[in-house]
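Residue-level structure breakdown
Listed here are the chains, written in short residue letters.
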Amino acid sequence: MIRTLLSRDLPRSRPLSAMLLVVLLGLMLAPFLVSGARSLNVAATICVFVVLVASYDLLLGYTGIVSFAHTMFYGIGAYGVGLALHGMGPSWWAVFVGTAGALSLSLVLALVIGLFSLRVRAIFYAMITLAVASAFSVVASQMSDFTGGEDGRTFKVPEILQPSFRLFDAEILGRVVDGKLITYYLVFFSALALFLFMLRIVNSPFGRVLQAIRENDFRAEALGYRTVIYRTLANCLGALIATLAGVLMALWLRYVGPKTMLSFEVMTDILLIVVIGGMGTIYGAVIGSALFILAQNYLQVLMAQASAAMSGIPFLANLFHPDRWLLWLGVLFVLSVYFFPTGIVGRLRIKALLRGRP
Amino acid sequence: MSDPLLQLAGVHTHIGQYHILQGVDLVVPQGGITVLLGRNGAGKTTTLRTIMGLWHASRGTVRFDGGDITQSPTPDIACSGIAYVPESMGIFSDLTVRENLYLAARSVKRAGEMDEARLEWIFGFFGALKKFWNQPAGTLSGGQKQMVAIARAIVEPRKLLLIDEPTKGLAPAIIQGMIAAFRELKRTETILLVEQNFSFVCALGDSVAVMDGGRIVHSGSMAALADDRELQHKLLGLSLDAHQ
Amino acid sequence: MTSISQVASQDSALPKVRVDMLPLLLVPVLALLMLPLVGSFPTWVTLTVAGLAMGMMVFMMASGLTLIFGLMDVLNFGHGAFVSVGAFTATLVLLPMKSWVEAESVWMNLSVVGLAILLAMLVTGLLGWAFERIIIRPVYGLHLKQILITMGGMIVAEQLIHVIWGAEQIPLQLPATFRGAFIFGDAALEKYRLIAVGVGLTVFISMFLVLNRTKVGLLIRAGVENGEMVEALGYRIRRLFVGVFVAGSALAGLGGVMWGLYKETLTAAIGGEITVLVFIVIIVGGLGSVGGCFIGAMLVALVANYAGFLAPKVALVSDILVMVTVLLWRPQGLYPVAKR
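On a predicted model such as this, the values are computed, not experimentally measured, just so you know.

It is worth spelling out the interface of chain B and chain C at this point. As a measure of interface size, the accessible area lost when the parts come together is often cited. Across the boundary between the two partners, chain B contributes 46 residues, which contact 30 residues of chain C. Summing both sides of the interface, chain B and chain C together bury roughly 3100 Å²; the carbon and sulfur share of this comes to 62%. Of all residues in chain B, B:Pro75, B:Phe92 and B:Leu103 bury the most surface against chain C, accounting for 19% of the area lost on that side. Residue B:Arg49 pairs with C:Glu228 through a salt bridge whose shortest N-O separation is 2.7 Å. Our count for the contact surface shared by chain B and chain C stands at 10 residue pairs in polar contact (both at pLDDT 80 or more). Elements with a minimum of two residues in the side of chain B that touches chain C: helix H1 (44–52), helix H2 (74–79), helix H3 (97–104), helix H5 (127–131), helix H6 (142–154) and helix H7 (172–185) of chain B. Top element by residues in the side of chain B that touches chain C is H7(B). It accounts for seven residues. Each residue belonging to the side of chain B that touches chain C can be placed in one class, and the counts come to 28 nonpolar, 10 polar and eight charged.

Glancing now at the pairing of strand S2 (residues 166–172) of chain A. Residue and element names in this part refer to chain A. In terms of strand pairing, S2 meets strand S3 (residues 175–178) through three bridges, oriented antiparallel. For Ile172, the partnering residue across the bridge sits in S3 and is Arg175. Linking S2 back to S3 in an antiparallel pair, the connection comprises two residues, with Leu173 at a positive phi of about 50°.

Turning our eyes to something else, we now look at the environment of B:Gly67. Among the secondary structure elements, B:Gly67 is positioned in strand S5 (residues 67–68). Separated by 54 residues in the primary sequence, B:Gly67 and B:Thr13 place their C-alpha atoms 20 Å from one another.

Residue and element names in this part refer to chain B. Pairing is mixed in the open sheet, where six strands are placed in the order S6-S7-S8-S3-S9-S10. Edge strands, defined here as strands with exactly one partner in the open sheet, are strand S6 (82–85) and strand S10 (215–221). In this sheet, neighbouring strand axes are inclined to one another by 15° on average, regardless of whether the strands run parallel or antiparallel. Strand contacts of H1: strand S3 (32–38), S6, strand S7 (160–164), strand S8 (190–194) and strand S9 (207–212), with the helix running at about 145° to S7, the strand carrying the most contacts.

Now for the environment of A:Ser13. All names here are of chain A. Mapping Ser13 onto the fold places it in the loop between helix H1 (2–5) and helix H2 (14–33). Owing to a relative accessible area of 5%, Ser13 belongs among the buried residues under this scheme. In this structure, the C-alpha to C-alpha distance between Ser13 and Ile2, residues 11 residues apart in sequence, is 15 Å. Look past the residues within four positions of Ser13 in its chain and what remains in contact with it is Leu348, Arg349 and Ala352.

Okay, the pattern of salt bridges next. A side chain with one charge can pair with a side chain of the opposite charge if their charged atoms come near. Residues and elements named next belong to chain B. Tallied over the full model, the rule gives 15 salt bridges over all chains. Taking the shortest distance from any N to any O, the salt bridge between Arg39 and Asp212 comes out at 3.5 Å. Here Asp212 lies in strand S9 and Arg39 lies in the loop between S3 and H1, a separation of 173 residues in the sequence. Taking relative accessible area as the criterion, Arg39 reaches 42% and is therefore assigned partly exposed.

Residue and element names in this part refer to chain C. Positionally, Thr124 belongs in helix H6 (residues 106–136). With a relative accessible area of 0%, Thr124 lands in the buried category. At 3.3 Å, the side chain of Thr124 forms a polar contact with the backbone oxygen of Met121. In contact with Thr124, other than residues within four places in its own chain, are Phe82, Val85, Gly86, Ser249, Ala250 and Gly253.

Together, A:Leu21, A:Leu24, A:Leu25, A:Leu29, A:Leu33 and A:Val34 make up a nonpolar patch on the protein surface, roughly 500 Å² of accessible area in all. The residue A:Leu33 is located in helix H2 in this model.

What follows concerns the interface of chain C and chain A. Each partner contributes residues to the interface: chain C has 43 residues there, and chain A has 40 residues. Taking both partners together, chain C and chain A bury about 3500 Å²; carbon and sulfur atoms supply 84% of that area. It is C:Leu148, C:Val163 and C:Leu316 in chain C that bury the most area against chain A; as a group they hold 18% of the surface buried on that side. For the pair chain C and chain A, the interface holds zero salt bridges. Inspection of the chain C/chain A interface yields three residue pairs in polar contact (both at pLDDT 80 or more). Those elements that provide at least two residues to the side of chain C that touches chain A are H6, helix H7 (143–165), helix H12 (270–285) and helix H15 (318–329) of chain C. Ranked by residue count, the leading element in the side of chain C that touches chain A is H7(C), at 17 residues. For the side of chain C that touches chain A, the class distribution of residues is 33 nonpolar, seven polar and three charged.

Criteria and cut-off values
- Residues numbered from 1 in each chain as written.
- Chains lettered and ligands numbered in written order.
- Predicted model: local features only at pLDDT ≥ 70, side-chain atom pairs only at ≥ 80, totals over all residues.
- Heavy atoms only, no water.
- Contact = heavy atoms within 4.5 Å.
- Buried area = accessible area lost by both parts, 1.4 Å probe.
- Salt bridge = Lys/Arg side-chain N within 4 Å of Asp/Glu carboxyl O.
- Polar contact = N/O pair within 3.5 Å; in protein donor to acceptor, adjacent residues only side chain to side chain.
- Helix = DSSP H or I, 4+ residues; strand = E, 2+ residues; numbered from the N terminus.
- Nonpolar A, V, L, I, M, F, W, Y, C, P; charged D, E, K, R; others polar.
- Pairing = 2+ DSSP bridges.
- Axes fitted to C-alpha atoms, helices over the stretch in contact; angles between N-to-C directions.
- Buried < 20%, exposed > 50% of the residue type's maximum accessible area, 1.4 Å probe, protein only.
- Patch = residues over 30% accessible without salt bridge, like charges linked within 9 Å, V, L, I, M, F, W, Y side chains within 5 Å.
- Areas by Shrake-Rupley, 256 points an atom, 1.4 Å probe, with all protein chains shown as cover.

Written out as structure tokens, the structure is:
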């Protein structure tokens, strides 16, 4: 049963299985384990990022495509739902229209960009997506009548998801079953389903062809696979799933804005997570996102203490300023590209493999 | 002559996962033309590239002019006196003929300081170069590009020239001209020549080595091989009509 | 026997030298076409000069990147970091020597800016040298890793700027005599823009001369086409490459100073912002081509300025539009660079 769910791609390492289980249980029980809006927000963000990062891994790790447009698709999803709910009022119909519209826009854009530039080399694609994504984010923040500009838009979600909604009066395990809880589980189970779907994809014959192309596109082409088509398909798939991640994030936050949905910082976050977690493993997205988002939210507290302790020394105090946490992650990122190109998951698997040998 | 100019002993070269040279023993004596023959894929080009350090031998040694150059970087090998004319010619098509030759003349600091007498000597057999002196090399015909490539190798005196298939894709009339040029060259230069065109090398070669499957399977004098039809057939699979 | 000279004389017609003039015409034609659209001649002059000035600055920042790519097939996604480091380094001179900046003396202004530029180029050049050694050298030939690692380098560099100079934006004052404009009839030409055009042209012409008249320059051009052959002729292409990398980084630093003075404020993000623009320019010009990069920079900047005046909404995406149009016409950019 579990084998089938995981598409026969098991974690293959005991510590990794344990970590995955902890993350899964933690996320599943988060509303009952922790209290406070902030902690639940961290849990929901992890769910969304698992999907977003795994869909990026589909491109980077499994297909060898470097795209800088992933946040654009994420933003399209978020804005699609957000603007639809804002314009049409809080109904499921609006959610549907917004999602469908966003998915179609993402599909068209991914197709166009893909066919336009995936024929040529990886570097070219990276540059083009960077340019397109930055133009998109500028446009989104400038068309303020439509998108709310830099401030973004807040909107109401369908009634059942609203925080004031009560499913029934009783409490479960000391927790009121309100709209927030329902939204959380909507996000959690959608993320879980999408994650298992991606695991399925990469372990399907299609996924194997993608990996063959990544290893040696010349040979894959010689074997009769049209590499452009496979790459474009992977690109579209990644874009669509990123769009859905955006939809989930918008529903959770009840807000869309360029800073949270479209900025280049989100893109660098994704890159950092995928590399540190482990490229080409899908599971890396889970470990990476959990660690990264937790660090983003709690490491800064530690750094603030360190910075305060060193407040006498100007340069060092700056180094440990909570806003500088990206510096340390950047260093970690560079080091891991050199020394652990397979990330945390890859390391754990190699260890397990070595231990398994007689 | 005591020591050969160039000596390969038991050279193995891998390219990626492919084991191309599987123990090449080759001797190039001082002076004249040594011809390296063999079918496509026998390892001739790889041998030249290994000598030049463009690919490094995984085993064995390459000795040149009394020194071991097996693991030397390409520029050092070039500076020790080996010039290389690759199969693709390696012309800088953006640059003029003059600039191509100027870059090959390492000791010259300014383009105007190239050795006039030597240039005239080169123009003597590659007349076209004088004519197209200030043309971008990319605009020349295939034969003229080959002249530029060879002229680059000899623009200054070198101890050894490695030339890879100079007649490839050239018209018969131009090949005749090449033969004349090589006759002039071999009076002063030592050349290791890779060729497929048997009649071309018959007219020029002094000694010969034949490669197959990444090894030298025969070496001797060119004249002996040219006379021995049976041996030609055995080594090269030549049929008479194809090469007359 | 046929002698070679006779053979050569058979195809004696001089081969036509194909000088590809079309891209050269783009910039003047575009400018002229815009004149009737803009309507007023003085406005047109102002816009054109503004566009050229911006283009020159972008060219300074982009030229190094395109050469580095052409020569070694390395695309440095962290190139923008040199731009911001250059700009921030300039503040080390410009802020303490405020009195020289504020003085109404061309001489003092020039020397303080010159000093700032010199220091900025020195620092970015050194940084480029270190960057090449530490960050790039281990990942030659591995495009995926190159993109990731240079991106990481960019993040680290940006954060370090925050650490050293703080997170606040820094106002950068234009020297007193560089402010204001020359008035010709109704057309106002801002002095600083003219200076930027002057500096940009100087950079372009010197680069052109180096690449065409010196042995090093010829070797660089040869290396762009066929690096292996340059090695086989006896030159160490690594040394060439380090030189180009250092020079390219220093030019980015110069561009950063000019750009910072133009914007008159500095934030650590300018590197990232400029990266996108620089990428578009080198794609438009043809990866590896300095001439193409120059035309591309002018084209992108002019279109941005005209569009900003004629249709401000379009100006937001004008860079992308220029890129798409050029790529539809020439998929490899204006001047595709011949590769092995």
